[in-house]
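# Coordinate inspection notes
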Amino acid sequence: DTTVKQNPRYKLARVGKPVNLICSQTMNHDTMYWYQKKPNQAPKLLLFYYDKILNREADTFEKFQSSRPNNSFCSLYIGSAGLEYSAMYLCASRRQTNTEVFFGKGTRLTVV
Amino acid sequence: AQSVDQPDAHVTLYEGASLELRCSYSYSAAPYLFWYVQYPGQSLQFLLKYITGDAVVKGTKGFEAEFRKSNSSFNLKKSPAHWSDSAKYFCALEGGYGGSGNKLIFGTGTLLSVKP
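What counts, and where the lines are drawn
- Residues numbered from 1 in each chain as written.
- Chains lettered and ligands numbered in written order.
- Predicted model: local features only at pLDDT ≥ 70, side-chain atom pairs only at ≥ 80, totals over all residues.
- Heavy atoms only, no water.
- Core = buried A, V, L, I, M, F, W, Y, C linked by side-chain atoms within 4.5 Å.
- Buried < 20%, exposed > 50% of the residue type's maximum accessible area, 1.4 Å probe, protein only.
- Helix = DSSP H or I, 4+ residues; strand = E, 2+ residues; numbered from the N terminus.
- Contact = heavy atoms within 4.5 Å.
- Polar contact = N/O pair within 3.5 Å; in protein donor to acceptor, adjacent residues only side chain to side chain.
- Disulfide = S-S within 2.5 Å.
- Buried area = accessible area lost by both parts, 1.4 Å probe.
- Salt bridge = Lys/Arg side-chain N within 4 Å of Asp/Glu carboxyl O.
- Nonpolar A, V, L, I, M, F, W, Y, C, P; charged D, E, K, R; others polar.

### Quick word on the nonpolar core
Grouped together as the largest cluster of nonpolar side chains are 27 residues, with contacts concentrated most on Trp35, Leu48, Phe74, Leu76 and Tyr89 of chain B. Contributions of two or more residues to this core are made by β2 (10-14), β3 (19-21), β5 (32-38), β6 (45-50), β8 (64-68), β9 (73-78), β10 (87-95) and β12 (110-115) of chain B. Those residues in contact with Tyr89 of chain B, other than ones at most four positions away along the chain, are Gln6, Leu21, Trp35, Tyr36, Val37, Tyr39, Leu47, Phe63, Leu76, Gly109, Thr110 and Leu112 of chain B. Val4, Leu76, Tyr85 and Ala87 of chain A belong to the second largest nonpolar core, which has 22 residues in total.

### Concerning the environment of Asn70 of chain A
All names here are of chain A. By the secondary structure assignment, Asn70 is in strand β7 (residues 65-70). With a relative accessible area of 36%, Asn70 lands in the partly exposed category. In this structure, the C-alpha to C-alpha distance between Asn70 and Ser86, residues 16 residues apart in sequence, is 28 Å. Within the local environment of Asn70, its side chain forms a polar contact with the backbone nitrogen of Phe73, the two atoms lying 3.1 Å apart.

### A few points about the state of the cysteines
One covalent bond between the sulfur atoms of two cysteine residues makes up a disulfide. All chains considered together, the criterion is met by 2 disulfides over all chains. A sulfur-sulfur separation of 1.9 Å characterises the disulfide bridge that pairs Cys23 of chain A with Cys91 of chain A. Taking the torsion about the S-S bond as the criterion, the Cys23 of chain A to Cys91 of chain A disulfide, at about -80°, is left-handed. Here the residue Cys23 of chain A occupies a position in strand β3 (residues 19-25), and Cys91 of chain A occupies one in strand β9 (residues 87-94), the gap between them amounting to 68 residues. Residues Cys23 of chain A and Cys91 of chain A agree in their burial class; the two are buried. Between the sulfur atoms of Cys23 of chain B and its disulfide partner Cys91 of chain B the distance amounts to 2.0 Å. Judged by the sign of its S-S torsion, about -65°, the bond between Cys23 of chain B and Cys91 of chain B is left-handed. Residue Cys23 of chain B is located in the loop between β3 and β4 (24-26), and its partner Cys91 of chain B is located in strand β10; the two are separated by 68 residues in the primary sequence. For Cys23 of chain B, a relative accessible area of 2% translates into the label buried. You can see Cys74 of chain A has no disulfide; the closest cysteine sulfur is in Cys91 of chain A, sitting 5.9 Å from it.

### Some words on the side chain of Glu94 of chain B
Relative to the elements of secondary structure, Glu94 of chain B occurs in strand β10. A relative accessible area of 2% places Glu94 of chain B in the buried class. Side chain to side chain, Glu94 of chain B and Arg94 of chain A meet in a polar contact 2.8 Å long. Once you skip the residues sitting within four places of it in the chain, Glu94 of chain B turns out to touch Arg94, Thr97 and Asn98 of chain A together with Tyr27, Tyr32, Phe34, Asn102, Lys103 and Leu104 of chain B.

### Quick notes on the interface of chain B and chain A
Facing the 21 residues of chain B at the interface are 24 residues of chain A. Summing both sides of the interface, chain B and chain A together bury roughly 1,900 Å²; the carbon and sulfur share of this comes to 56%. The interface formed by chain B and chain A contains 2 salt bridges. Joining chain B to chain A, the criterion identifies 5 residue pairs in polar contact (both at pLDDT 80 or more). Every element with two or more residues in the side of chain B that touches chain A is listed here: β5, β6, β10 and β11 (103-106) of chain B. When the residues that make up the side of chain B that touches chain A are grouped by side-chain class, the tally is 10 nonpolar, 7 polar and 4 charged.

Below you can see the structure in the form of structure tokens.
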């Protein structure tokens with residue numbers, strides 16, 4: 001199975017409330033990524049796990065958290081959602097550097 | 001700083017024509033470059049990559065790309081184009097993270113419309 005699964009596909013959240021998005025893969029990939037995608041913009045890297053090491057981008061460091069309890073699962077956590085968090089969130093994974101990255105179908109988050 | 005530029009937001013051509021989607025990058029080290037495609041309602045899919053070696057790399061679905069160090073470009077090509085090639089295409093650059101994995105930086109994408 002070469003798919004990256006994301007749950008849920010659609011998420012409606014209230015301003016100020018927490019949001020937790022889930023991603024899984026069964027390809028034994030060492031790296032898992034989270035991207036934020038807004039219309040007509042490039043997918044923006046938020047953070048990624050290389051094995052158990054979490055790397056977070058400087059400009060989103062305080063806005064997003066993540067956990068990877070095992071090799072297969074990775075979550076993206078927003079402590080207090082704002083309207084600006086409305087976007088498509090893409091999870092991706094890869095076996096090692098320089099190899100193909102596999103993407104999930106995304107979770108569309110709408111914050112109201 | 002690492003960045004990817006796809007200057008053409010939208011490209012339209014007729015079936016049978018040759019297509020070339022432009023991509024330029026900025027990176028201080030030797031680049032690893034990728035092209036991905038996204039069909040409506042589907043996830044991003046890998047097309048091809050350049051790591052080292054031959055400047056022209058071939059990928060899936062009949063696509064190829066040419067790496068040109070002289071002008072920091074990695075343009076995607078296909079001839080002839082087919083209506084089924086209509087999709088959004090993303091160029092990406094792999095950047096180092098100092099030993100704890102590499103990140104993939106994307107351009108804004110080019111929406112390709114191939115008319116029958």
